[in-house]
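# Survey of secondary and tertiary structure
Below are the chains, spelled out letter by letter.
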Amino acid sequence: MRAFASRTSTFFNRNLYNFPPIHNPSRAMSQSTAIPKKQLRVRDHGYDNYMEVEKKTRKVLKFQNLILSEPTQSLPIARLETLSRRFGFTRHEAGAFVLKFPHVFEIFEHPVQRILFCRLTRKAVLQIERERHALAEQVPRAVTRLRKLLLMSNEGRLRLEHVRVARAALGLPDDFEFSVVLRYPRFFRLIDSKETRNKYIEVVERDPRLGTCAIEDVRERVYRERGGDAEDVRFSFVVDFPPGFRIGKYFRIAMWKWQRLPYWSPYEVVSGYDLRSIEAQKRMEKRAVATIHELLSLTVEKKITLERIAHFRMAMNLPKRLKDFLLQHQGIFYVSTRGNQGKLHTVFLREAYRKGELVEPNELYLARRKLAELVLLSPRKAGVDRELVGYRRSRLEDEMGRVTRAYVEDAYEDFKGEDGVGLDKDAEDDLTSDVGSDVDLGDADDDFVDSVSLQRTS
């Protein structure tokens, strides 16, 4: 367990308590000891590399969904190229793309029509079954996550459409409206708004046992380890700045003050409080950090897109300029722009990851990462295995036929030469962009952005 002192020992223990005396009071007052509102994002290549793999996985999932939607679980290559245009692929790019991942897609000649078809490999089918089983097994935990999500809202309810577009991150099944909401009427109720004609999910009763945040469990473990010396972590968060992040003296003072600032819990109703004072506004800002922290803790992979968080902005009293707000706390969150030509922003909970993997993985996360492993497997191994199978068959037919290792490698090089079509690289992100601040995000492209967990029904 990574305690607060171990993760930020050089940041807090050595630098925040033993400052040299400042002999120029006027110069000291000229510098602000508040966390700057504008900060440049420092890249962490570990998270960006994670999103590079995620980018390939999203495209693979789109093709899987096309194949699984067919009654025969297979699709002609010509029709696959036509349907893939909706994903941004041009002519012949779809065939070149599926050839890049022979551990996921299998190209074969139809025995009757004598044209090339594409289907999923046995490994890919087993991965889908594993994910489907893991999703069904964790439905009770998904019910608890949905209840806690509703309790963080102001009125104890959220739009059904906003929850739907975030269902994959929360570990909810595609038919959660029937399998979760309507199945547990003692926890949820589905209501229609006459003013907006939208459906809302509302919590039936506020259970005080669900009002404990994930960061409070971490603090409790620190209390048990350090005892009375852990009093300074009463309102603190685990801070782990990315490599290369510059920490000045006044920034250390600002963080020292901010870590000890009290705040209201995300599950506490603040509608009756007077929030006009400066102290109350500071507490509400820290409460927003705690709300996003808890929202990420409720997700399966401890990450979610910034556009999904923006959907809950009004219901959870989150600030308007979400990206700038998250960049103020780069030691707690990391915003990655990789994965969709710089248009998609993914927010990670830094304390939940170590060396590109979850510290506490779950079965659904492991099942989803299995697809990433298939994507990253070398095509050479798949080509060699295929040629070895062909060698065994040809040996039974012709004793004089021999397939050497050199022939296998030459066959793979020919296969590789046909796969020369590439895709566009990610565009550079604009750090001055303001996602979720002045533009009301629509739901028209939700199914396209939410392709990580496209519906997989056989």
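Not measured: the values here are computed from a predicted model. (Residues numbered from 1 in each chain as written. Predicted model: local features only at pLDDT ≥ 70, side-chain atom pairs only at ≥ 80, totals over all residues. Heavy atoms only, no water.)

## Some thoughts on the pattern of salt bridges
Across all of its chains, the model carries 25 salt bridges by this definition. A salt bridge links Arg 189 to Glu 202; the nearest nitrogen and oxygen atoms lie 3.1 Å apart. A residue pair is termed long-range when its members are at least 10 positions apart, and Arg 189 in strand 5 (residues 188–192) and Glu 202 in strand 6 (residues 199–203) qualify at 13 residues. Two residues, Lys 370 and Glu 373, come together in a salt bridge whose shortest N-O distance is 3.5 Å. Here Lys 370 pairs with Glu 373, and both are found in helix 17 (residues 363–376), just three residues apart, close to one helical turn. On the basis of relative accessibility, which here comes to 33%, the residue Lys 370 falls in the partly exposed class. Classification of Glu 373 by relative accessible area gives partly exposed; the value is 45%. What you see here is one network of salt bridges that share partners, running through Glu 54, Glu 131, Glu 301, Lys 303 and Arg 368. (Salt bridge = Lys/Arg side-chain N within 4 Å of Asp/Glu carboxyl O. Helix = DSSP H or I, 4+ residues; strand = E, 2+ residues; numbered from the N terminus. Buried < 20%, exposed > 50% of the residue type's maximum accessible area, 1.4 Å probe, protein only.)

## Some remarks on the environment of Ala 352
Relative to the helices and strands, Ala 352 resides in the loop between strand 9 (346–349) and strand 10 (353–354). Sequence separation between Ala 352 and Lys 303 is 49 residues, and the spatial gap between their C-alpha atoms is 9.3 Å.

## Regarding the packing of aromatic side chains
Per the stated rule, a full pass over the model turns up 22 aromatic pairs. Ring geometry for Phe 187 versus Phe 188: centroids 6.3 Å apart, planes at 75 degrees, classification edge-to-face. Both residues of the pair, Phe 187 and Phe 188, count as buried. Clustering of aromatic rings is evident, with ring pairs tying together Phe 63, Phe 87, Phe 89, Phe 97, Phe 101 and Phe 105. If you follow Arg 119 out to its NZ or CZ, it ends over the ring of Phe 108, 4.0 Å from the centre. In this structure, Arg 219 is placed above the aromatic ring of Phe 237, and the distance from its NZ or CZ to the ring centre is 5.3 Å. (Phe/Tyr/Trp six-rings, centres within 6.5 Å; stacked < 30°, edge-to-face > 60°. Lys NZ or Arg CZ within 6 Å of the ring centre and 35° of its normal.)

## A look at the side chain of Glu 81
Among the secondary structure elements, Glu 81 is positioned in helix 5 (residues 77–83). By relative accessible area, Glu 81 is classed as buried at 16%. If we ignore the near neighbours within four places in the chain, the residues touching Glu 81 are His 92, Ala 94 and Gly 95. (Contact = heavy atoms within 4.5 Å.)

## Thoughts on the sheet that holds strand 9
Whether parallel or antiparallel, the strands of a sheet pair through hydrogen bonds between backbone atoms. Taking strand neighbours across the sheet as the criterion, the three strands line up as 7-9-8 in an open arrangement whose pairing is antiparallel. Edge positions in the sheet fall to strand 7 (303–305) and strand 8 (333–336), since each of these pairs with one other strand and no more. On average, each strand axis in the sheet is inclined to that of its neighbour by 20 degrees, with strand direction left out of account. Direction of pairing for strand 8 relative to strand 9: antiparallel, over a ladder of four bridges. Bridging across to strand 9, Val 335 finds its partner in Val 347. Running over the sheet, helix 14 (residues 278–298) touches strand 7, strand 8 and strand 9 and is turned about 90 degrees from strand 9. (Pairing = 2+ DSSP bridges. Axes fitted to C-alpha atoms, helices over the stretch in contact; angles between N-to-C directions.)

## Description of helix 12 (residues 214–226)
Compared with the 18 Å implied by 1.5 Å per residue over 13 residues, the 19 Å span of helix 12 between its first and last C-alpha is a close match. Among the residues of helix 12, Ile 215, Val 218, Arg 219 and Val 222 are the ones counted as buried. An end-on view of helix 12 places all buried positions within 100 degrees of arc, on one side of the element. (Expected span 1.5 Å × (residues − 1). Arc of directions from axis to C-beta.)

## Things to note about the confidence of the model for the protein chain
Summarising the model, the protein chain shows a mean pLDDT of 78, and 74% of its residues fall at 70 or more. Counted against residues more than four places away or in other chains, residues 1–30, with its pLDDT under 50, gives 52 contacts. Below pLDDT 50 for its whole length, residues 387–458 participates in 114 contacts with residues either more than four positions away or in separate chains. (pLDDT = per-residue confidence, 0-100.)

## Comments concerning the pairing of strand 9
On strand 9, burial covers both faces: Thr 346 and Phe 348 on one face and Val 347 and Leu 349 on the other are all buried. Relative to strand 9, strand 7 runs antiparallel, the two sharing three bridges. In the strand pairing of strand 9, Thr 305 is matched with Thr 346.

## What about the packing of helix 4 (residues 45–68) against helix 17?
Relative orientation of the contacting elements helix 4 and helix 17 amounts to 90 degrees, with a least axis distance of 9 Å. In terms of their interaxial angle, helix 4 and helix 17 are classed as roughly perpendicular. Counting all contacts with helix 4, which are made through Tyr 50, Val 53, Glu 54, Lys 56, Thr 57, Val 60, Leu 61 and Gln 64, the residues of helix 17 involved are Tyr 365, Arg 369, Leu 371, Ala 372, Val 375 and Leu 376. By residue class, the composition of the contact of helix 4 with helix 17 is nine nonpolar, two polar and three charged. (Parallel < 35°, antiparallel > 145°, perpendicular 65-115°, else oblique. Nonpolar A, V, L, I, M, F, W, Y, C, P; charged D, E, K, R; others polar.)

## Describing the sheet that holds strand 6
Reading across the sheet, the three strands line up as 4-6-5 and stay open at both edges, with antiparallel pairing between neighbours. Of all the strands in the sheet, the pair left with one neighbour each is strand 4 (157–159) and strand 5. In this sheet, adjacent strand axes meet at a mean angle of 25 degrees when their direction is disregarded. Pairing geometry for strand 4 and strand 6, over three bridges, is antiparallel. Across the sheet, the residue bridging to Leu 158 is Ile 201, located in strand 6.

## As for helix 4
The end-to-end C-alpha distance of helix 4, which contains 24 residues, comes to 34 Å, matching closely the 34 Å that a straight helix rising 1.5 Å per residue would cover. Across the 24 residues of helix 4, 18 count as buried, placing the element largely inside the fold.

## Regarding the nonpolar core
Of all hydrophobic cores here, the largest spans 74 residues; its most connected members are Leu 149, Phe 188, Ile 292 and Phe 333. Each residue touching Phe 188, except ones within four places of it in the same chain, is listed here: Val 143, Leu 146, Arg 147, Leu 150, Val 180, Val 181, Ile 201, Glu 202 and Val 204. The next biggest cluster of nonpolar side chains, apart from the first, holds 25 residues, and it includes Leu 61, Leu 66, Ala 94 and Ala 124. (Core = buried A, V, L, I, M, F, W, Y, C linked by side-chain atoms within 4.5 Å.)

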